[in-house]
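Observations on chain architecture
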Amino acid sequence: MNMISPEAVANSKRAWLKILARYKKPDRRRSAVELAITLIPFATLWALSSAAYAHGHWWGLILILPAAGFLVRIFMIQHDCGHGSFFANRTADDWIGRGLGILTLTPYDCWRRAHATHHASAGNLDERGTGDIKTLTVAEYRQMSWRGRLAYRLYRHPLVMFGLGPIWLFIFEQRLPVGMMRGGLTPWVSSMATNVAIAVAAAALVWFVGLEAFLVVHLPIVVLAGSAGIWLFYVQHQFEETEWAKDSEWEFQHAALHGSSYYDLPPVLNWFTGNIGVHHVHHLSAKVPCYRLQEVLRDYPELREIGRVTLLDSLRCVKLALWDESRSKLVSFREARMTA
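Residues numbered from 1 in each chain as written. Predicted model: local features only at pLDDT ≥ 70, side-chain atom pairs only at ≥ 80, totals over all residues. Heavy atoms only, no water.

Residues given the UniProt feature "domain: Fatty acid desaturase" (unreviewed entry) here are residues 57-301. Secondary structure content for residues 57-301 is 64% helix and 2% strand, while the C-alpha to C-alpha distance between its ends is 48 Å. (UniProt positions renumbered as here; feature names shortened; annotations may be inferred. Helix = DSSP H or I, 4+ residues; strand = E, 2+ residues; numbered from the N terminus.)

Encoded structure:
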């Protein structure tokens, strides 16, 4: 991970919200193309894989991998719709987002509400718990019972976080408006309508390809895409140089710029992930369409020096589990134990 240069620190004090305003306007024609070149290949790969399997050609299952990549990209477009940045038309973005939510198994309006809370409070120690990965401070962890510590350690274990976690979240938890039971009618309508649409779509696909082919093809795609999505969200905020602060000291621009990473991925992965790795810019201005985030880095290369995490760096982020307030950094369970 790169150290932040004095120049980058100075530039971090710029009025970024004003600077990024000119990148907010989407090219609606390009947005339509981006949607088409994501949905059509996904549907094609899914159909080819299921047809190959139904006719006894197991090699067709290799197409599950790129199909999962396209499903990640579908979620990223849904994500832009949630911010109203894909077409910059609230009605169009919302209905496209709801439709894509059927494919991603994510009730759009529920997710949009939780994600808005995440953007409004990311990096705020006093506002944790909605739309983010549960993160305890060292002091909070030490005050827990042994059962609580065990539960938290299991929650943070990579096999749970990136394996069982996505299965639970996308297949089971999101079928009910968990955490929004008292949020009025909208979360219930969003969840139930999405569930019904998923059931209808699944029934139609089972009718065409058979139950076995549907499960063998679709479940791995969902699980792989879900794991990749959780991994991306994890690395974007759970990295060594991230910053958290108490509410009295929390400031939006600083939290966005230094509490979110720049996940420096190869171009092909940037494309499949909708450039979401440029996460510090996204948190600075969520209205910038995903396909314009690289423009910001091109025009303001100093942003490449802030919170940069490479693929190799990201593997080391897995061990980080607790926020050490005394050192203002994320630490591993082992590091926390050594400083007890």
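Picking up where we left off.
Once that is clear, we can look at the pattern of salt bridges. Opposite charge on two side chains permits them to pair, given that their charged atoms come into close proximity. According to the stated counting rule, one finds 15 salt bridges in the structure shown. Across the salt bridge formed by Asp-299 and Arg-22, the nearest N and O atoms sit 3.7 Å from each other. Remark: Arg-22 occurs in the loop between α2 (16-20) and α3 (28-54) and Asp-299 occurs in helix α15 (residues 293-299); sequence separation between them is 277 residues. Here Asp-313 makes a salt bridge to Arg-316, at a shortest N to O gap of 2.6 Å. Taken together, the residues Asp-313 and Arg-316, both in helix α16 (residues 311-316) and 3 residues apart, mark about one turn of the helix. Using a relative accessible area of 5% as the deciding quantity, one classes Asp-313 as buried. On the basis of relative accessible area, Arg-316 is assigned to the partly exposed category, the value being 43%. Each of Arg-90, Asp-94, Arg-98, Asp-109 and Arg-112 takes part in a single network of salt bridges with overlapping partners. (Salt bridge = Lys/Arg side-chain N within 4 Å of Asp/Glu carboxyl O. Buried < 20%, exposed > 50% of the residue type's maximum accessible area, 1.4 Å probe, protein only.)

Turning to helix α9 (residues 158-172), a few remarks are in order. Between the first and last C-alpha of α9 there are 19 Å, a value that for 15 residues agrees with the 21 Å anticipated at 1.5 Å per step. Of all the bends in α9, the greatest, near 45°, is centred on Gly-165, and the proline Pro-166 appears no more than four residues after it. Taken together, the buried positions of α9 are occupied by Met-161, Phe-162, Pro-166 and Phe-170. Packing partners of the buried residues in α9 comprise α4 (64-82), α5 (90-104), α8 (146-156) and α11 (211-237). (Expected span 1.5 Å × (residues − 1). Bend = angle between axes of the 7 residues up to and from the residue. Contact = heavy atoms within 4.5 Å.)

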